[in-house]
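Commentary on secondary and tertiary structure
As a plain string of letters, each chain reads:
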Amino acid sequence: MAVIETQATLHEAHRDNHTHRDVNGGWLRPAVFGAMDGLVSNLALMTGVAGGAVGHQTIVITGLAGLAAGAFSMAAGEYTSVASQRELVEAELDVERRELRRHPQDEEAELAALYEARGVEPGLAREVARQLSADPEQALEIHAREELGIDPGDLPSPLVAAVSSFGSFALGALLPVLPFLFGATALWPALLLALAGLFGCGAVVAKVTARSWWFSGLRQLALGGAAAGVTYALGTLFGTAVG
């Protein structure tokens, strides 16, 4: 009895500790990419304009215009990209569905051969393939996983990707504009807030991906700071040349 209870406890502990994050969803990548892109691109845009020695109002309008244009562009791009990917996957699923309907025995043999190639004993592989192929929808799911590497029930949503991308880009792009909206007239408050946001975004991404938070934060801070520095220098150069 003690052995059974110990094994049950171990199974429960394994089940509780052996969970995985959703790595196939359609929201995480566009949300993270959108926030990073919003911060870096709008910060770089505003520092580039500020380098040209323009007025406070011009910098604010530039930042707001960059926010709106970038957010809509990101959302449209993500929607089109994810929708096209989903349509391609659905087309391939239709091909597989037709093959299962027209040539069920060939598809069953193909599945058995795949399991054999992975080391399953031939007789057992054929029996497993036979049982899995009894349900057409289950057979389609198995073939999709094994041949295409996708889960038909967990395809990314274009709308979720677009909304996530729009919201995260707008939030990231808003950070360097905020100090000006609250009355700042110098560039450095916007620069400090944006760089802090870049570090924070990098640290949050590290929490999701199990990477070192300080390394990820510093890396994003360095990349964003470099982009702002380069565009500021270019803005100064162009402003001098034009002036």
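Residues numbered from 1 in each chain as written. Predicted model: local features only at pLDDT ≥ 70, side-chain atom pairs only at ≥ 80, totals over all residues. Heavy atoms only, no water.

Before going further, it helps to spend a moment on the overall build of the protein chain. Of the regular secondary structure elements, the protein chain holds 10 helices and zero strands. By residue count, 32% of the 243 residues in the protein chain fall in the buried class. A fraction of 71% describes how many contacts in the protein chain between residues 6 or more apart in sequence connect residues 24 or more apart. Taken as a whole, the protein chain presents about 14,500 Å² of accessible surface, with 64% of it coming from carbon and sulfur. (Helix = DSSP H or I, 4+ residues; strand = E, 2+ residues; numbered from the N terminus. Buried < 20%, exposed > 50% of the residue type's maximum accessible area, 1.4 Å probe, protein only. Contact = heavy atoms within 4.5 Å. Areas by Shrake-Rupley, 256 points an atom, 1.4 Å probe, with all protein chains shown as cover.)

With respect to the helices and strands, Ser 168 occurs in helix H7 (residues 158-174). The class for Ser 168 is buried, based on a relative accessible area of 11%. Side-chain polar atoms of Ser 168 contact the backbone oxygen of Ser 165, separated by 3.3 Å. (Polar contact = N/O pair within 3.5 Å; in protein donor to acceptor, adjacent residues only side chain to side chain.)

The end-to-end C-alpha separation of helix H4 (residues 104-117) is 20 Å, in line with the 20 Å expected for 14 residues at 1.5 Å each. Buried residues of H4: Glu 107, Leu 111, Ala 112 and Tyr 115, and no others. Projection of H4 onto a plane perpendicular to its axis shows the buried side chains occupying an angular sector of 140 degrees, all on one side. Exposed residues lying more than 90 degrees from the buried face of H4 are Gln 105, Asp 106 and Ala 117. Looking at the buried positions of H4, the neighbouring elements they touch are helix H3 (56-102), helix H5 (122-132) and helix H6 (136-148). Just beyond H4, the residue with positive phi is Gly 119, at close to 105 degrees. (Expected span 1.5 Å × (residues − 1). Arc of directions from axis to C-beta.)

When the UniProt feature table is mapped onto this chain, "transmembrane region" (unreviewed entry) is found at residues 159-182, 188-209 and 221-242. End C-alpha to end C-alpha, residues 159-182 measures 33 Å, and it is 83% helix and 0% strand. (UniProt positions renumbered as here; feature names shortened; annotations may be inferred.)

What follows is about the pattern of salt bridges. This model, assessed by the stated rule, comprises six salt bridges. Residues Arg 97 and Asp 94 are paired through a salt bridge, measuring 2.8 Å at the closest nitrogen-oxygen approach. Placement of the pair is Arg 97 and Asp 94 together in helix H3, with a separation of three residues, close to one helical turn. Its relative accessible area of 33% is what places Arg 97 among the partly exposed residues. A salt bridge links Asp 151 to Arg 145; the shortest N-O distance between them is 3.1 Å. Of the residues examined, Asp 151 reaches a relative accessible area of 24% and is grouped as partly exposed. The exposure class assigned to Arg 145 is partly exposed, which follows from its relative accessible area of 41%. The structure contains a network of salt bridges with shared partners spanning Glu 141, Arg 145 and Asp 151. (Salt bridge = Lys/Arg side-chain N within 4 Å of Asp/Glu carboxyl O.)

Below, the discussion takes up the packing of aromatic side chains. Counted by the stated rule, this structure contains three aromatic pairs. Between Phe 199 and Trp 213, the ring centres sit 6.1 Å apart and the planes meet at 85 degrees, which makes this aromatic pair edge-to-face. With Phe 199 in helix H9 (residues 188-209) and Trp 213 in helix H10 (residues 213-242), the pair connects residues that are 14 residues apart, well separated along the chain. Look at Phe 199 and you get partly exposed, because its relative accessible area is 25%. Residue classification places Trp 213 among the partly exposed positions, given a relative accessible area of 44%. For the ring pair Trp 214 and Phe 215, a centre distance of 6.3 Å and an interplane angle of 90 degrees mean the geometry is edge-to-face. Judged by relative accessible area, Trp 214 falls into the partly exposed class, the value being 49%. Here Phe 215 falls in the partly exposed class, since its relative accessible area comes to 36%. (Phe/Tyr/Trp six-rings, centres within 6.5 Å; stacked < 30°, edge-to-face > 60°.)

Attention now moves to the packing of H4 against H5. Relative placement of two packed helices is described by the angle separating their axes and the distance separating the axes. The contact between H4 and H5 brings their axes to 8 Å, and the two run at 135 degrees. Taken together, H4 and H5 sit at an angle that is classed as oblique. For the pair H4 and H5, the sense of crossing is right-handed. Packed against H4, whose contacting residues are Glu 108, Leu 111, Ala 112, Tyr 115 and Glu 116, the element H5 presents Pro 122, Ala 125, Arg 126, Val 128, Ala 129, Arg 130 and Leu 132 at the interface. Of the residues belonging to the contact of H4 with H5, the class tally is eight nonpolar, no polar and four charged. (Axes fitted to C-alpha atoms, helices over the stretch in contact; angles between N-to-C directions. Parallel < 35°, antiparallel > 145°, perpendicular 65-115°, else oblique. Left-handed = near helix turned anticlockwise from the far one by under 90°. Nonpolar A, V, L, I, M, F, W, Y, C, P; charged D, E, K, R; others polar.)

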